[in-house]
Amino acid sequence: MFKSIIASLSIASAALPLQADTTKSLTRLEINTSIDIPAPTDVIWDILADTDAYPEWNPYHVRVEGEMKIGEKLAVHVEKPNGTAVTVNPRLMEYDRGKSLVWGGGPVGIFRGVHRFDLESLSPTCARLHHTEVFSGLFISFAELDAIEPGYVLMNEALKERVAALRDNGNGC
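As a starting point, this report considers the structure included with it. All values reported here derive from a predicted model rather than from experimental measurement.

Before going further, it helps to spend a moment on the sheet that holds strand β4 (residues 75-79). Pairing is antiparallel in the open sheet, where 3 strands are placed in the order β3-β4-β5. Each having just a single partner strand, β3 (61-65) and β5 (85-88) make up the two edges of the open sheet. Taking the axes of each pair of neighbouring strands and ignoring which way they run, one obtains an average angle of 10° across the sheet. Note that β3 and β4 share 4 bridges and pair antiparallel. Bridging across to β4, E65 finds its partner in A75.

In this section: the packing of aromatic side chains. A complete count under the given rule lists 6 aromatic pairs for this structure. Both rings, one in W103 and one in F117, keep their centres 5.4 Å apart while their planes meet at 75°; by these two values the pair is edge-to-face. Note that W103 is positioned in strand β7 (residues 100-105) and F117 in strand β8 (residues 112-123), a separation of 14 residues in sequence. On the basis of relative accessibility, which here comes to 4%, the residue W103 falls in the buried class.

A few words on a nonpolar patch on the surface. Residues I110, L138, F139 and F142 make up a contiguous nonpolar surface patch of about 450 Å² in total accessible area. For F139, the position within the fold is in the loop between β9 (126-136) and α4 (148-167).

The final tally for this structure, using the stated rule, is 8 salt bridges. Note that R28 and E30 form a salt bridge whose closest N and O atoms lie 2.9 Å from each other. In this structure, R116 engages D118 in a salt bridge whose closest nitrogen and oxygen atoms are separated by 2.8 Å. When its relative accessible area of 26% is taken as the criterion, R116 is described as partly exposed. Look at D118 and you get buried, because its relative accessible area is 15%. What you see here is one network of salt bridges that share partners, running through D36, E120 and R128.

About the cut-offs
Residues numbered from 1 in each chain as written. Predicted model: local features only at pLDDT ≥ 70, side-chain atom pairs only at ≥ 80, totals over all residues. Heavy atoms only, no water. Pairing = 2+ DSSP bridges. Helix = DSSP H or I, 4+ residues; strand = E, 2+ residues; numbered from the N terminus. Axes fitted to C-alpha atoms, helices over the stretch in contact; angles between N-to-C directions. Phe/Tyr/Trp six-rings, centres within 6.5 Å; stacked < 30°, edge-to-face > 60°. Buried < 20%, exposed > 50% of the residue type's maximum accessible area, 1.4 Å probe, protein only. Patch = residues over 30% accessible without salt bridge, like charges linked within 9 Å, V, L, I, M, F, W, Y side chains within 5 Å. Areas by Shrake-Rupley, 256 points an atom, 1.4 Å probe, with all protein chains shown as cover. Salt bridge = Lys/Arg side-chain N within 4 Å of Asp/Glu carboxyl O.

So, in structure tokens, the structure goes:
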């Protein structure tokens, strides 16, 4: 409860425009990050869904290849803040324009990850990006997942900067 009170105060005061939280158990790791961006959801979506432009601004998902069509396999090239790089091959699970972009995969019960970008409209000129991933399965404790949350935070901040640069709008939410 104390944690949710602090998070609410931070959001209300805009002292912390970015939130991050990781919850871990033996068979589940949930990473939750969010950031408020001073732009409507459709503007943010256009940048987020333009995966061809990721190399220009995204420090974490440095390249995403594949067709943005439900069920299609993607190649997501990741450069983690700890210096390691990995390519994963999830399938596109959800593509709801202006709302959600979701990819994931892996055998259920063994090692599965579902990565979400969800946009929430806060006002006509402000939106919140919820950037999350849930890993589940028996083998998650053996995977190198520590650098993921800091990577999401970097990506969230880069997205906010990209939106501001393209809109020439430095106003807050």
